[in-house]
Amino acid sequence: MQNTKFSLTPSLSEFLSNYRLYGFKNRTAMIQTALLRFKKELELENLRQSADSYSESYDEDSDISQSVEQFLEKWTGFIKDIDPDKNKLEYLQKKYL
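Please read these numbers as outputs of a predicted model, since none were measured by experiment.

*Asks:* What's the story with the overall build of the protein in this structure? I'm lost.
*Replies:* From N to C terminus, the protein includes 5 helices and 0 strands. Along the protein, helices and strands appear, N-terminal first, in the series α-α-α-α-α. The 97 residues of the protein split such that 8% are buried. On the protein, roughly 9100 Å² of surface is accessible, and the fraction owed to carbon and sulfur atoms is 54%.

*Asks:* Just checking my understanding: could you explain the pattern of salt bridges for this structure?
*Replies:* Side chains that differ in charge, positive against negative, can pair when their charged atoms come close. Across all of its chains, the model carries 2 salt bridges by this definition. A salt bridge links Lys39 to Glu43; the nearest nitrogen and oxygen atoms lie 3.5 Å apart. Residue Lys39 and its partner Glu43 are located together in helix H2 (residues 27-60), separated by 4 residues, close to a single helical turn. Among the residues examined, Lys39 registers a relative accessible area of 46% and is labelled partly exposed.

*Asks:* I would appreciate a short explanation of the packing of aromatic side chains in the present structure.
*Replies:* Aromatic rings in a pair are described by how distant their centres are and how their planes are angled relative to each other. One pass over the full model with this rule turns up 1 aromatic pair. On the basis of an interplanar angle of 55 degrees and a centroid distance of 5.0 Å, the ring pair of Phe15 and Tyr22 is categorised as tilted.

*Asks:* Whenever I open this one, the confidence of the model for the protein confuses me. Can you help?
*Replies:* Detail in the predicted coordinates should be disregarded across regions flagged by low pLDDT. Confidence in the prediction for the protein averages 81 pLDDT; 67% of positions are at 70 or higher. Per-element mean pLDDT across the protein ranges from 58 in helix H4 (residues 76-79) up to 96 in helix H1 (residues 10-17).

Definitions and cut-offs
Residues numbered from 1 in each chain as written. Predicted model: local features only at pLDDT ≥ 70, side-chain atom pairs only at ≥ 80, totals over all residues. Heavy atoms only, no water. Helix = DSSP H or I, 4+ residues; strand = E, 2+ residues; numbered from the N terminus. Buried < 20%, exposed > 50% of the residue type's maximum accessible area, 1.4 Å probe, protein only. Areas by Shrake-Rupley, 256 points an atom, 1.4 Å probe, with all protein chains shown as cover. Salt bridge = Lys/Arg side-chain N within 4 Å of Asp/Glu carboxyl O. Phe/Tyr/Trp six-rings, centres within 6.5 Å; stacked < 30°, edge-to-face > 60°. pLDDT = per-residue confidence, 0-100.

This is the structure in structure tokens:
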């Protein structure tokens, strides 16, 4: 494990010194947990922004939205509450017989 040195404000230092009250075995565990939560939060925000961007592109590009709608209409059986094996068989029979 790599060691890192950093400075804290007095209130954060006091908060960290109470690590046992929060159920941590030491300060390192508390800091690692906080950083991992913060990392997940940043990744989730990045994912939300990416989804928003794709959503805007989808809304603006009628060809993409129409293609997606056609795909969903065609493959609804594979997606919702229907036996996919039965639908695959029906699809293949229609296509090749």
